[in-house]
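Coordinate inspection notes
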There are 2 protein chains.
Amino acid sequence: MATLGAQRKHKVTVVGSGNWGTTMSKLVAENVAANPTLFEQTVTMWVYEEEVTIPKDSRHYDPSSERANKPQKLSELFNKVHENIKYLPNITVPSNVVANPDVVEACRDSTILIFVLPHQFIPRVCDQLVGKIVPYARAICCTKGVDVGAEGIKLMPEAIGMRLNIYCGALSGANIATEIAQEKYSETTVAYDPPPMDSRHPTPKGSPTASQVDLISPSKPIPSARSAHLKPLPNEYPPLSHENVRKLFHRPYFHVRIVDDVAGVSLGGALKNIIALAAGFVDGLGWGDNAKAAVMRVGILEMVKFGKRFFPDSVKTSTFTEESCGVADVVTSCMGGRNFRCAKMAVERGESIYDIEQKVLNGQKLQGTSTAYEVHEFLRRDNHEADFPLFTAVYNILEGNAKPEDIPELIEPKP
Amino acid sequence: MATLGAQRKHKVTVVGSGNWGTTMSKLVAENVAANPTLFEQTVTMWVYEEEVTIPKDSRHYDPSSERANKPQKLSELFNKVHENIKYLPNITVPSNVVANPDVVEACRDSTILIFVLPHQFIPRVCDQLVGKIVPYARAICCTKGVDVGAEGIKLMPEAIGMRLNIYCGALSGANIATEIAQEKYSETTVAYDPPPMDSRHPTPKGSPTASQVDLISPSKPIPSARSAHLKPLPNEYPPLSHENVRKLFHRPYFHVRIVDDVAGVSLGGALKNIIALAAGFVDGLGWGDNAKAAVMRVGILEMVKFGKRFFPDSVKTSTFTEESCGVADVVTSCMGGRNFRCAKMAVERGESIYDIEQKVLNGQKLQGTSTAYEVHEFLRRDNHEADFPLFTAVYNILEGNAKPEDIPELIEPKP
């Protein structure tokens, strides 16, 4: 119904191919196949090219092949075996995902860009794309983290939206990639507060689209929408309403709730990593589940306070306390996430978290430590540290100024 | 300061001596010792008398004693060794806790009664106490659960308050008893909305008490206060303000937050056990941390909806989403609590949860199953089931009408 009158379809590119990027490509590819009137059938995945050798325990290792034990290009291997053998081994991705190592080529003509890059690569990749994408493209940012600069704190969707001069929403939730790749049940939150021109698509008389129903309540401006001079999505495309955005992400094993609060969703995804470090420190001491739950609760309240104080016009408390990107992501991150596991291991072994990071993360970096530093830098400037005792405690533990054992005293509410 | 003019001290009785009751006696005894101007130094613990034999692996087992291998009375043994060898082994309780097997004797003259009984014993014990306690006694209920009767749903503090005609608050939080007994860090929520006459204690001119500061915001009536004709606390006693109630429970390892929402706190403690069953079912399927977090999030939202719909005048959303008795208790209960563990084991072994209960709980009963049935009975009456799909799913799984694998579909939000 929502596609009446549309002659063109949305082309989707996933910008990134780590374990989360590859997982995202898989589920989006399943959804474009299920919605052929809305989306082009090929999903392009930009791959940061590297040479890989198929491990001997891989199902794709063929000792009789002349290529066995020889390095191959990751993108070429992916397009042959439909598996990211380095970052998401043993998961077959649908054949309508095509890897492309050229980011400009990968994004050309795409109306939907899904960013799933490590935080530190965002500026460089966006710079390469300036002027090379369609001006009415829309983005969804799945990358977590914040940037603190001279002008204050900037969220990832805002950074992407401003650099590319396009609208950028956010996706974040209790989403350990490997579990979703295995199609185990989970939920996520998509923040997409579409520019009105994308949704109020002309339709034949008497056939209101579901997207119009979605838009009965006026949406508030969000940072990326405010700061960009957005080009309208041409009428030939199906509208990018909540309903259609949901169709791009929702799977029977991946339940999507759509909200308008882009700032809250991306803040939750960033700040929860600090909480996961705190939970890991406490769990590493062997203090049990009550202590871990206490640290998580205090952390969620600091998230809420942070959002309300620094993004008062856009952030809603419920985004943190009721959505997957808030409370549920804190829960998952504090049970099995990387930041939690590394922090716990550091305390148990009496080593620094940076040593643990090097040993167990296969070259990848923890997001929690850099976020803790960025957030602390931001809080310190205007003397907000005392109001965020848990975030501050994590920073001080990382810096060696405090010990994990000090956490209860540091966060103790004064009567 | 708050005790100026007070000539008498509060006498405290803990009604119950299971693992949580014994733990509560321990921490309250530490606090009465730390606050000798407010509280009598002896804490009485009512023990449901039973015969116990000291196990051979107990530190109190003495093969040379003539009593070795002979049954002894639990209360007498407790008063000799200061340890509840049956329900909280290996934890020494301060010697100012005195066990008494006679509930009327144990509560005589006590101004503070802390109820820590299994749900099903509350009515019987209260009936024994009617007319035998001081009329101005105050209670704190640590028991979780709800009673559904012909007149609707009744919370435990309400049941206690109405039967004894006294004010009853509630204590609930992310509190696995054994961890607190070991003095591992945790938090709790105490709901105590004191009758004004308890706090607005006459004080010498120019010395406002901290309790008056606590009462700047007028407190709303709560069920037990509304339904009881409360006798004022005599002036000779220190006021039972938030400040003084906090002194009874707060420890460096047990952080207390005090709120007014008695209904929300006790509802959280009851409903979280249904959520823990759901989380256990899902975890038993091996679905991982995302799935567990999703079920927990959906459960918290059903808690909020339940509270707001059925206790609209008293329940606050934040009690569930921000306090230890809400989100944190859900977290703890879904990590290591009994209901979670038994539900998980039932799915893993393909056995009924009742079989598991018998095998692993040493004669104790799960609270989650009975709460799931009570809540379902209440929801069914007026056709509220569809609005509480997770609570209803748990009931249907217990009844054999649904399978754990059905949970995602049953709780899937309709677009």
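From a predicted model like this one, the values you see are computed outputs, not experimental measurements. In this convention, every chain numbers its residues from 1, walking through the sequence in written order. Lettering of chains starts at A and numbering of ligands starts at 1, both following the order in which they are written. In keeping with the model being predicted, local features are shown solely for residues with a pLDDT of at least 70 and side-chain atom pairs are shown and tallied solely at 80 or more, while totals for entire chains, interfaces and linings include all residues. Here the side-chain values reflect all heavy atoms present in the structure, with hydrogen atoms and water set aside.

The next thing to look at is the UniProt feature "domain: Glycerol-3-phosphate dehydrogenase NAD-dependent N-terminal" (unreviewed entry) in chain A. This chain's UniProt record puts "domain: Glycerol-3-phosphate dehydrogenase NAD-dependent N-terminal" (unreviewed entry) on residues 11-193 of chain A. Only runs of H or I of at least four residues qualify as helices and only runs of E of at least two qualify as strands under DSSP, and these elements are numbered from the N terminus. In residues 11-193 of chain A, helix accounts for 28% and strand for 27%; the two terminal C-alpha atoms are 20 Å from one another. UniProt positions are given in the numbering used here, feature names are shortened, and annotations may be inferred rather than shown by experiment.

Further remarks concern the relation of the copies chain B and chain A. In this comparison the copies share one frame, found by least squares on the C-alpha atoms of residues holding pLDDT of at least 70 in both. Placing chain B over chain A gives an RMSD of 0.0 Å and needs a rotation angle of 180 degrees, together with 0.0 Å of translation along the axis. Look at the turn and shift together and you get a two-fold axis relating the two. Across chain B, the smallest distance between a C-alpha and the rotation axis is recorded for Thr321 of chain B, namely 2.8 Å. Contacts were defined at the residue level, with two residues in contact if any of their heavy atoms lie within 4.5 Å. Both copies contact each other with a shared surface, as 100% of the interface residues of chain B are interface residues in chain A too.

On to the packing of aromatic side chains, then. Between rings of Phe, Tyr and Trp, where Trp is taken as its six-membered ring, a pair exists when centres lie within 6.5 Å; planes separated by under 30 degrees are stacked, by over 60 edge-to-face, and by other angles tilted. Scanning the entire structure with this criterion turns up 24 aromatic pairs over all chains. Look at Tyr136 of chain A and Tyr237 of chain A: their rings are 5.6 Å apart centre to centre, the planes differ by 50 degrees, and that puts the pair in the tilted class. With Tyr136 of chain A in the loop between α4 (122-129) and β7 (138-141) and Tyr237 of chain A in the loop between α9 (223-227) and α10 (242-249), this residue pair connects regions lying 101 residues apart in the sequence. Only protein chains enter the area calculation, which uses a 1.4 Å probe; residues under 20% of their type maximum are buried, those over 50% are exposed, and those in between are partly exposed. Relative accessible area serves as the criterion here: at 14%, Tyr136 of chain A is assigned to the buried category. Ring geometry for Phe310 of chain B against Phe378 of chain B: centres 4.7 Å apart, planes inclined by 75 degrees, an arrangement best described as edge-to-face. In this pair, Phe310 of chain B is assigned in helix α12 (residues 288-310) and Phe378 of chain B in helix α17 (residues 367-381), connecting sequence segments 68 residues apart. Assessed through its relative accessible area of 19%, Phe310 of chain B is described here as buried. Residue Phe378 of chain B is classed as buried on the basis of its relative accessible area of 12%. Here a set of aromatic residues connected by ring pairs shows up, and it is made of Phe306, Phe310, Phe378, Phe388 and Phe391 of chain A. A positively charged side chain is recorded as over a ring if its NZ (Lys) or CZ (Arg) lies within 6 Å of the ring centre. The angle to the ring normal must also be within 35 degrees. One Lys or Arg, Lys305 of chain A, reaches over the ring of Phe388 of chain A and ends 5.6 Å from the middle of that ring.

A word on the sheet that holds strand β7 (residues 138-141) of chain B. Residue and element names in this part refer to chain B. Any two strands are treated as partners once DSSP identifies two or more bridges connecting them. Pairing is mixed in the open sheet, where eight strands are placed in the order β5-β2-β1-β6-β7-β10-β11-β12. Unpaired on one side and paired on the other, β5 (97-100) and β12 (254-259) mark the two borders of the sheet. The mean inter-strand angle of the sheet, taken between neighbouring strand axes irrespective of direction, is 25 degrees. Pairing of strand β11 (residues 186-191) with β12 involves six bridges; the strand directions are parallel. Paired with Val190 across the two strands is Ile258, which belongs to β12. Sheet strands touched by helix α5 (residues 156-164): β6 (112-115), β7 and β10 (167-172). Its angle to β10, the strand with the most contacts, is close to 155 degrees. Helix axes are fitted to C-alpha atoms over the stretch in contact, other axes to C-alpha atoms as well, and angles between N-to-C directions run from 0 to 180 degrees. Packed onto the sheet, helix α14 (residues 324-335) meets β10 and β11 and runs at close to 145 degrees relative to β11.

The next point concerns the nonpolar core. Side-chain atoms within 4.5 Å are what join buried Ala, Val, Leu, Ile, Met, Phe, Trp, Tyr and Cys residues into a set we call a nonpolar core. By size, the foremost hydrophobic cluster in this structure holds 120 residues, and its most contacted members are Phe306 of chain A together with Phe306 of chain B. Discounting residues that sit within four places of it in the chain, Phe306 of chain A has contacts with Ile153, Leu267, Leu271, Phe311, Val375, Phe378, Leu379, Phe388 and Phe391 of chain A.

Turning next to the sheet that holds strand β2 (residues 39-46) of chain A. Taking strand neighbours across the sheet as the criterion, the eight strands line up as β5-β2-β1-β6-β7-β10-β11-β12 (chain A) in an open arrangement whose pairing is mixed. On the outer flanks of this sheet lie β5 (97-100) and β12 (254-259) of chain A, each paired with one strand and no other. The sheet shows a mean angle of 25 degrees between the axes of neighbouring strands, direction not considered. Relative to β5 of chain A, β2 of chain A runs parallel, the two sharing four bridges. Bridging across to β5 of chain A, Met45 of chain A finds its partner in Ala99 of chain A. Against the sheet, α12 of chain B makes contact with β11 (186-191) and β12 of chain A, and its axis sits at roughly 70 degrees relative to β11 of chain A, the strand it touches most.

Glancing now at the UniProt feature "binding site: NAD(+)" (unreviewed entry) in chain A. Residues and elements named next belong to chain A. The positions that UniProt labels "binding site: NAD(+)" (unreviewed entry) are, in the present scheme, Gly16, Ser17, Gly18, Asn19, Trp20, Gly21, Phe121, Ala177, Arg338, Lys365 and Gln367. Position of Ser17 among the secondary structure elements: in the loop between β1 (10-15) and α1 (19-34). Taking relative accessible area as the criterion, Ser17 reaches 9% and is therefore assigned buried. Those residues in contact with Ser17 that sit more than four places away from it in its chain are Thr22, Met45, Trp46, Val47, Tyr48, Asn84 and Tyr87. Secondary-structure assignment places Trp20 in helix α1. By relative accessible area, Trp20 is classed as buried at 14%. Other than its neighbours up to four places away in sequence, Trp20 contacts Val116, Cys142, Leu171, Asn175, Ala177, Ile180 and Phe254.

Let's shift gears to the interface of chain B and chain A. Every contact between the two is made by 44 residues of chain B and, on the other side, 44 residues of chain A. Carbon and sulfur atoms supply 60% of the area that chain B and chain A bury against each other, a total of about 3800 Å² over both sides. Summed over both partners, the accessible area lost on bringing two parts together, with a 1.4 Å probe, is the buried area. When the area that chain B buries against chain A is broken down by residue, the three leading residues are Tyr185, Asn290 and Arg297 of chain B, summing to 21%. A carboxyl oxygen of Asp or Glu within 4 Å of a side-chain nitrogen of Lys or Arg is what we treat as a salt bridge. The interface formed by chain B and chain A holds two salt bridges in total. Pairs of N or O atoms are called polar contacts if they sit within 3.5 Å, as long as, within protein, a hydrogen donor faces a hydrogen acceptor (for residues adjacent in sequence, only side-chain-to-side-chain pairs). Taken together, the connections running from chain B to chain A amount to 20 residue pairs in polar contact (both at pLDDT 80 or more). Sort the elements by how many residues they give to the side of chain B that touches chain A and α12 of chain B lands first, with 13 residues. Among the residues forming the side of chain B that touches chain A, the class breakdown is 21 nonpolar, twelve polar and eleven charged. Amino acid classes used here: Ala, Val, Leu, Ile, Met, Phe, Trp, Tyr, Cys and Pro are nonpolar; Asp, Glu, Lys and Arg are charged; the rest, including Gly, are polar.

Many structure descriptions define interface size as the accessible area lost when the parts assemble. All names here are of chain A. One can read the domain layout of chain A as domain 1 (10-260) and domain 2 (264-411). Where a domain begins and ends is set by an automatic assignment or by a domain database. Taking the mean C-alpha position of each, domain 1 and domain 2 sit 27 Å from one another. Taken residue by residue, the interface counts 27 residues in domain 1 and 27 residues in domain 2. Summing the contributions of domain 1 and of domain 2, the shared interface buries around 2400 Å²; its carbon and sulfur component is 60%. Sorting the residues of domain 1 by area buried against domain 2 places Lys144, Val148 and Ile153 first, and these three jointly supply 22% of that buried surface. Here domain 1 and domain 2 share two salt bridges between them. Ionic pairing is found between Arg257 and Glu323, a salt bridge with its closest N-O pair at 2.8 Å. Here domain 1 is connected to domain 2 by six residue pairs in polar contact (both at pLDDT 80 or more). Sorting the residues of the side of domain 1 that touches domain 2 by element identifies β8 (146-149), β9 (152-155), β10 (167-172), β11 and β12 as the ones contributing at least two each. Each residue belonging to the side of domain 1 that touches domain 2 can be placed in one class, and the counts come to 13 nonpolar, nine polar and five charged.

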